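Structure assessment
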Amino acid sequence: MTRIAAKLLRWYRRHGRGLPWRGHPDAYAVWVSEIMLQQTRVETVVPYFERWMKRFPSVKALADASEQSVLTLWEGLGYYSRARNLHKAARLLVDEYGGELPRSVEALRKLPGIGRYSAGAIASMAFGLDAPALDGNIRRVYARLFNVEVPADSTEGKKILWGLAAEHLPKGKAGDFNQALMDLGATLCLPKKPRCAECPLAEECLARRLGVQEARPVLKPKAETPYHVHAAIVLVAKIGNSRYALLSKRPSRGLLGGMWEFPNGRVEGDPARGLAKAIKSGYGFSVRAGEALGVVRHAYTHFRVAVHVFRGELTLPVRETETLKWVKLSELGKYPMGKIDRQISEKIMLKHKGAQSTRKL
């Protein structure tokens, strides 16, 4: 065992975070937690994980669920392909592995949504295998410990860091060691203002010795983030005694795959003028824009968007399909949506409730 591993494991025994998936007897729980933790902070994940395990307590329970129920429970956690891949993988596990996760890195990597890092993390934590892991926190720790000057997100940088992760892995203790590295990066070896005075590896850290810890890891320059303007239309119809809104289901692949949204499209120039053309082009039906309901903004990983929201009306009736549906306003919460469309949904509900209260007065 290296000096670094011995020091870090001693620190972890005293300072490791108590998390609901740690020490869990079921490998399924470790898998779910690792997928949820991809690009998401621990404090955000914990309540989602607990709700998920209550609703889908086993691989079979997840496999038997509908995609819509899976996406609804995941709503707000972002990166929805993770949920779809969990669902697909669960069905594959039931069909081909008897509902159990395979116990090797190679087999784990064949499952949808599991890459090199996730496979190593699951194999080491769930099955005690000697497998290295390298997430964002661990990458930062190694880049500082060994003052890696090559960009960590380059091919060469990844090769160097994976090599360091394998070299320092203590045999038989990989699960605890990987979790210790994650905790160190999350609590002390922070991206900005690292708490070096409290770090158990401060004496071993080359970047700290050189005073360049905040400049590590080195990363490739980021391209400028594109900015898009969309216009969305809220179409509400009274059918019987209830009011319905028209929703569209996104394609199963790609951004927000399988989620529901209000009809919308990218526009140039004045959003109110461009709305009708965008809807006709994207959905094949014609609308007239009405009252402006506001603007909803959101930043995705690779672009930013501003969505101008309008009430409107159809110029001709629309026939429902599998991807175009009239939904009761009272049931909008049952349809999984991204953050933008959930905000639009909430605006509609508040406006509708306000109108009802006014009528009662």
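Values in this document were obtained by computation on a predicted structure and should not be read as measured data. (Residues numbered from 1 in each chain as written. Predicted model: local features only at pLDDT ≥ 70, side-chain atom pairs only at ≥ 80, totals over all residues. Heavy atoms only, no water.)

1. What about the overall build of the protein?
Assigned secondary structure in the protein consists of 14 helices and seven strands. For the protein, the spread of C-alpha atoms along the principal axes amounts to about 75 × 50 × 40 Å. Out of the 361 residues belonging to the protein, those deemed buried represent 47%. Considering only intrachain contacts with a sequence separation of at least 6, the fraction spanning at least 24 residues in the protein is 65%. Of the side chains in the protein, 59 bear a positive and 34 a negative charge, and the two mean positions are spaced by 4 Å. (Helix = DSSP H or I, 4+ residues; strand = E, 2+ residues; numbered from the N terminus. Buried < 20%, exposed > 50% of the residue type's maximum accessible area, 1.4 Å probe, protein only. Contact = heavy atoms within 4.5 Å. Lys, Arg positive; Asp, Glu negative; His and termini not counted. Charge placed at Lys NZ, Arg CZ, Asp CG, Glu CD.)

2. Observations regarding the pairing of strand β6 (residues 304–314)
As paired elements, strand β1 (residues 227–239) and β6 share nine bridges and run parallel to each other. Across the sheet, the residue bridging to H228 is V305, located in β6. As judged from the 10 bridges shared by strand β5 (residues 287–299) and β6, these two strands associate in the antiparallel manner. Considered in β6, the bridge of A299 is made with R304. Following β5, the chain reverses through four residues before pairing antiparallel with β6. (Pairing = 2+ DSSP bridges.)

3. As for helix α8 (residues 116–127)
Between its terminal C-alpha atoms α8 stretches 16 Å, which fits the 16 Å expected from 12 residues at 1.5 Å a residue. Among all positions of α8, only Y117, S118, A119, G120, A121, I122, A123, S124, M125 and F127 are buried. Looking at the packing, one finds that the buried side of α8 touches α2 (27–37), α7 (105–108), α10 (155–167) and α11 (174–187). At the C-terminal side of α8, G128 shows a positive phi close to 70 degrees. (Expected span 1.5 Å × (residues − 1).)

4. Some words on the packing of α2 against helix α6 (residues 81–96)
Interaxial distance between α2 and α6 falls to 10 Å at its minimum, and their mutual angle equals 155 degrees. Taken together, α2 and α6 sit at an angle that is classed as roughly antiparallel. In the crossing of α2 with α6, the sense of the turn from one axis to the other is right-handed. The segment α2 lies against α6, with W31, I35, M36 and L37 engaging R82, L86, A89, A90 and L93. Here the residues of the contact of α2 with α6 are counted per class, giving eight nonpolar, no polar and one charged. (Axes fitted to C-alpha atoms, helices over the stretch in contact; angles between N-to-C directions. Parallel < 35°, antiparallel > 145°, perpendicular 65-115°, else oblique. Left-handed = near helix turned anticlockwise from the far one by under 90°. Nonpolar A, V, L, I, M, F, W, Y, C, P; charged D, E, K, R; others polar.)

5. Here we look at the side chain of S33
Structurally, S33 is set in helix α2. The exposure class assigned to S33 is buried, which follows from its relative accessible area of 1%. Setting aside its immediate chain neighbours within four residues, S33 contacts W21 and F49.

6. Section: the side chain of R82
Take R82: it is sitting in helix α6. A distance of 3.1 Å separates polar atoms of two side chains, one belonging to R82 and the other to T40. Setting aside chain neighbours within four positions, we find R82 in contact with I35, M36, L37, Q38, T40, W74 and L77. (Polar contact = N/O pair within 3.5 Å; in protein donor to acceptor, adjacent residues only side chain to side chain.)

7. Some points on the pattern of salt bridges
Here the structure, examined in full by the defined rule, presents 14 salt bridges. Here K7 and E204 are joined by a salt bridge, their closest N and O atoms 3.3 Å apart. One end of the pair, K7, is in helix α1 (residues 3–15); the other, E204, is in the loop between α11 and α12 (206–210), and 197 residues separate them in sequence. Accessibility classification places K7 together with E204 in one group, the buried group. Between E261 and R250 there is a salt bridge whose closest N-O contact spans 3.0 Å. Of this pair, E261 sits in strand β3 (residues 260–261) while R250 sits in the loop between β2 (242–249) and β3, and the two are 11 residues apart along the sequence. In this structure, a network of salt bridges that share partners links the residues R3, K7, E203 and E204. (Salt bridge = Lys/Arg side-chain N within 4 Å of Asp/Glu carboxyl O.)

8. Points about the pairing of β2
Looking at chain direction, β1 and β2 are connected through four bridges and run antiparallel. Within β2, the residue paired with A237 across the bridge is Y244. Counted along the chain from β1 to the antiparallel partner β2, the turn is two residues long, and its residue G240 has a positive phi close to 65 degrees. As judged from the five bridges shared by β2 and strand β7 (residues 324–328), these two strands associate in the antiparallel manner. Its bridge partner lying in β7, L246 is registered against W326. Where β2 and β3 come together, two bridges link them in antiparallel fashion. In the sheet register, K249 faces β3, and the bridge partner there is W260.

9. A short note on the packing of α1 against α11
Between α1 and α11, whose axes approach to 9 Å, the crossing angle comes to 75 degrees. By the angle between their directions, the pair α1 and α11 is classed as roughly perpendicular. Packed against α1, whose contacting residues are A5, L8, L9, W11 and Y12, the element α11 presents D176, F177, Q179, A180, L181, D183, L184 and T187 at the interface.

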